[in-house]
Amino acid sequence: MGTGAFALVLVLIVCAIGFELTRQSMLSIQKFGFSFWRTETWDPVAGQFGALPFIWGTLYSSILALTISTPIALGIAVFIAELCPNWLKQPLVFLTELLAAIPSIVYGLWGIFVLVPAVRAFEIAVPSVLRQTPLFSGPPLGVGMLAAGLILAVMVIPFTSSVAREVLKAVPPAQREGAYALGATRFEATRAALFYARTGIVGAVMLGFGRALGETMAVTMVIGNNPRISASLYAPQHTMAAVLANEFTEADTVMHLNALIEIGLVLFIITLIVNSLSRLLIWSMARGAKPPVALPGSEIEEAA
Amino acid sequence: MRGTAWRKLLSSLFVGFCALSVLLALVPLAFVLFFVVSEGFRSLNLDFFINMPKPVGEPGGGMANAIVGTLIITALGSMFAVPIGIMSGVYMSEYAGTRFAALVRFAADTLNGVPSIVIGVFVYGIAVLPFKQFSALAGGLALGVMMIPIIARTTEELLLLVPGSMREGALALGATRSRAVFSVVVPAALPGIITGVVLALARIAGETAPLLFTAFSNRFFTTKLTQPIATLTVMVFTYAISPYQDWHRQAWAGALVLVSIVFLCSLLARFATRKLEGLHSR
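Right, let's walk through the structure included here. (Residues numbered from 1 in each chain as written. Chains lettered and ligands numbered in written order. Predicted model: local features only at pLDDT ≥ 70, side-chain atom pairs only at ≥ 80, totals over all residues. Heavy atoms only, no water.)

Attention now moves to the overall build of chain B. Helix and strand counts for chain B stand at 10 helices and 0 strands. Written out in order from the N terminus, the α and β elements of chain B read α-α-α-α-α-α-α-α-α-α. A principal-axis box enclosing the C-alpha atoms of chain B has dimensions of 70 × 70 × 35 Å. When the 282 residues of chain B are sorted by exposure, 52% land in the buried category. Contacts in chain B between residues far apart in sequence, at least 24 positions, make up 76% of those at least 6 positions apart. (Helix = DSSP H or I, 4+ residues; strand = E, 2+ residues; numbered from the N terminus. Buried < 20%, exposed > 50% of the residue type's maximum accessible area, 1.4 Å probe, protein only. Contact = heavy atoms within 4.5 Å.)

In structure tokens:
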């Protein structure tokens, strides 16, 4: 059958992405080498290209988003998979998945006109004692890392929670039944299930991480697009995806374009690694071939 | 050993936390939808659909060119992605278990995870740079690349759902393997395959990042595939970050249209899935 040829095209596209991005950024790779990723200055006019601020901003915003979204997403997954009555399951799954269906640009638009003013109000309201700390230093602009982290968190929640839900479904019922039979409370039984599913849960969180790393439009509209490294949640910063969206069409030197494409190449490689790892973890869990593991903590054993 | 009361309290707190997280996620959803619908409805009028954009800073006008542009580009993307996606899906389900099928599956999942902006950069390199020209074709190619893995994976999954007896029946009647697949198995899964295509459409109709430097944008009406072309998403982006009140208004209108398109596609996909489930329960 000829279907193999089409399948080959699919494989070739992925190879072509890697090849093309490498080819187009050769100039920048050869000129700057690894110092590209250690240099803090990004000044296209002066011909100085250091990508550290973008790496920093991408990691900072993604990790901030995960910190906010992970507990919420896992809470949702547990609630839908373990706790809520059957009739409520379908509507809740539908609503959480709706979060994933809203286009990034719409989140961005909402971010500019609704979230950013709200964040500014919050930033002003933060007590001055906290404002002395590096985390809250700087003028309360509204646009900046905090707004980006919040909007990313909302966008990542549906991905993490839907995979976590699937993973929890793959936990054998005997796990929970056993815990309940030993007199465990709901929390203890669920914790046992979560512990059993831990590999897949980590995979679910990593999947969200992969999404957050590459998210472009919503982030670029609220983060402030300033290539300066700062620890502050208030500071306008920049990400790898955002700088591509902002400067690509305006790049007037070959070196600028090459440097931008190199950022794209690295973003490609990072998301490839994160996604592959996450799939591996989810896959190893969902197959459920592993023997049951010991329960965490001592409470349940004591209850026996 | 801790007291029973304490354990019960902890358990209740935990249940409360889980319920609270559901609420915490639904609050932004409600907020986004509320603003898109209320602001969008206030701004949406016939002008938006039939008029061209006015010169910069002048109030009024619409996004007719961008609506046509979005339709053209998604159609181009589908033309490119549907054959490759469906055929790859058929391959993966037919040769499931072979090394190459596993490789194709890995490639599809990888492609699915590639950030859309990176796909834009890739297509810029192969379809814009060589011709020194942003074009609708390049935009369609970028969206097509994003659609392929979604279509391929749903096709594969749905073909595996088709009862083996159907294929065996066809083979027993003397059909060749490809005849059995394309005349019996694929038609049985067709509603599901259409679902995959519609889902892919829903996902890419709202994409902005891969179009920024492939289709670029255009203030004028064009249907030429070799010219830069306006799209709703890029237009919403440009208008949202502009300093003009009236453009902000139009950006909300555009957002409402986008969200409506996406939801309509999702509903359509849901409807098609129902039909398929009906087929299997028979």
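Okay, the overall build of chain A next. The helix and strand tally for chain A stands at 14 helices and 2 strands. Taken along its principal axes, the extent of the C-alpha atoms in chain A is 70 × 65 × 35 Å. Looking at chain A residue by residue over its 304 residues, the buried ones come to 55%. Carbon and sulfur atoms provide 68% of the accessible area of chain A, an area that totals close to 12400 Å². Across chain A, 17 positive and 17 negative side-chain charges occur, with their mean positions spaced 4 Å apart. (Areas by Shrake-Rupley, 256 points an atom, 1.4 Å probe, with all protein chains shown as cover. Lys, Arg positive; Asp, Glu negative; His and termini not counted. Charge placed at Lys NZ, Arg CZ, Asp CG, Glu CD.)

The next point concerns the side chain of Thr220(A). Residue placement: Thr220(A) occurs in helix 11 (residues 217-222). Classification of Thr220(A) by relative accessible area gives buried; the value is 5%. Not counting residues up to four positions away in its chain, the partners in contact with Thr220(A) are Asn225(A), Ala242(A), Asn246(A) and Phe237(B).

Turning next to unusual backbone geometry. Phi angles above zero are rare outside glycine, and Asn225(A) is one such case at about 50 degrees. Mapped onto the secondary structure, Asn225(A) falls in the loop between helix 11 and helix 12 (240-247). Even without being a glycine, Lys132(B) presents a positive backbone phi close to 50 degrees.

Now for the nonpolar core. Core analysis: the biggest nonpolar cluster contains 182 residues, and Phe36(A), Trp42(A), Tyr107(A), Phe248(A), Ile263(A) and Ile117(B) have the highest contact counts within it. Ranked by the residues each element gives to this core, the list is headed by helix 7 (residues 145-169) of chain A, at 15 residues. Ignoring anything within four residues of it in the chain, the contact list for Trp42(A) reads Phe36(A), Gln48(A), Phe49(A), Gly50(A), Phe54(A), Pro227(A), Val243(A), Glu247(A), His256(A), Ala259(A), Leu260(A) and Ile263(A). With 5 residues, the next largest nonpolar core counts Ala202(B), Val262(B), Cys265(B) and Ala269(B) among its residues. (Core = buried A, V, L, I, M, F, W, Y, C linked by side-chain atoms within 4.5 Å.)

Bringing the environment of Pro117(A) into the picture now. Residues and elements named next belong to chain A. For Pro-117, the position within the fold is in helix 5 (residues 104-125). Sequence separation between Pro-117 and Thr-185 is 68 residues, and the spatial gap between their C-alpha atoms is 43 Å. Not counting chain neighbours up to four residues away, the residues in contact with Pro-117 comprise Gly-111 and Ile-112.

Of the residues lining the interface, 72 residues belong to chain A; the matching set on chain B comes to 80 residues. Taken over both partners, the interface formed by chain A and chain B buries close to 6600 Å², and the fraction arising from carbon and sulfur atoms is 83%. When the shortest N-O distance is used, the salt bridge between Arg7(B) and Glu188(A) registers 2.8 Å. Here chain A and chain B share 6 residue pairs in polar contact (both at pLDDT 80 or more) between them. A per-element tally of the side of chain A that touches chain B places helix 1 (residues 3-24) of chain A first, with 15 residues. (Buried area = accessible area lost by both parts, 1.4 Å probe. Salt bridge = Lys/Arg side-chain N within 4 Å of Asp/Glu carboxyl O. Polar contact = N/O pair within 3.5 Å; in protein donor to acceptor, adjacent residues only side chain to side chain.)

So, on to the packing of helix 4 (residues 99-113) of chain B against helix 6 (residues 136-161) of chain B. Residues and elements named next belong to chain B. Here helix 4 crosses helix 6 at 135 degrees, and the two axes come no closer than 8 Å. For the element pair helix 4 / helix 6, the angle class is oblique. The two elements helix 4 and helix 6 meet at a crossing, and its hand is left-handed. Facing Arg-105, Ala-108, Asp-109, Leu-111 and Asn-112 of helix 4, the residues of helix 6 in contact are Val-145, Pro-149, Ile-150, Arg-153 and Glu-156. Its residues assigned to classes, the contact of helix 4 with helix 6 shows 5 nonpolar, 1 polar and 4 charged. (Axes fitted to C-alpha atoms, helices over the stretch in contact; angles between N-to-C directions. Parallel < 35°, antiparallel > 145°, perpendicular 65-115°, else oblique. Left-handed = near helix turned anticlockwise from the far one by under 90°. Nonpolar A, V, L, I, M, F, W, Y, C, P; charged D, E, K, R; others polar.)

Further remarks concern the pattern of salt bridges. Per the counting criterion, the structure on display carries 13 salt bridges over all chains. The salt bridge partner of Arg177(B) is Glu94(B), with a shortest N-O separation of 3.1 Å. One end of the pair, Arg177(B), is in helix 8 (residues 177-205); the other, Glu94(B), is in helix 3 (residues 64-94), and 83 residues separate them in sequence. A relative accessible area of 41% means that Arg177(B) is categorised as partly exposed. Relative accessible area serves as the criterion here: at 9%, Glu94(B) is assigned to the buried category. Arg105(B) is the partner of Glu156(B) in a salt bridge, and the nearest nitrogen-oxygen pair spans 2.9 Å. Placement of Glu156(B) in helix 6 and of Arg105(B) in helix 4 is noted, with a sequence separation of 51 residues between them. Given the relative accessible area of 22%, Arg105(B) is considered partly exposed. By sharing partners, the salt bridges in this structure join Arg279(A), Arg105(B), Asp109(B), Arg153(B) and Glu156(B) into a single network.

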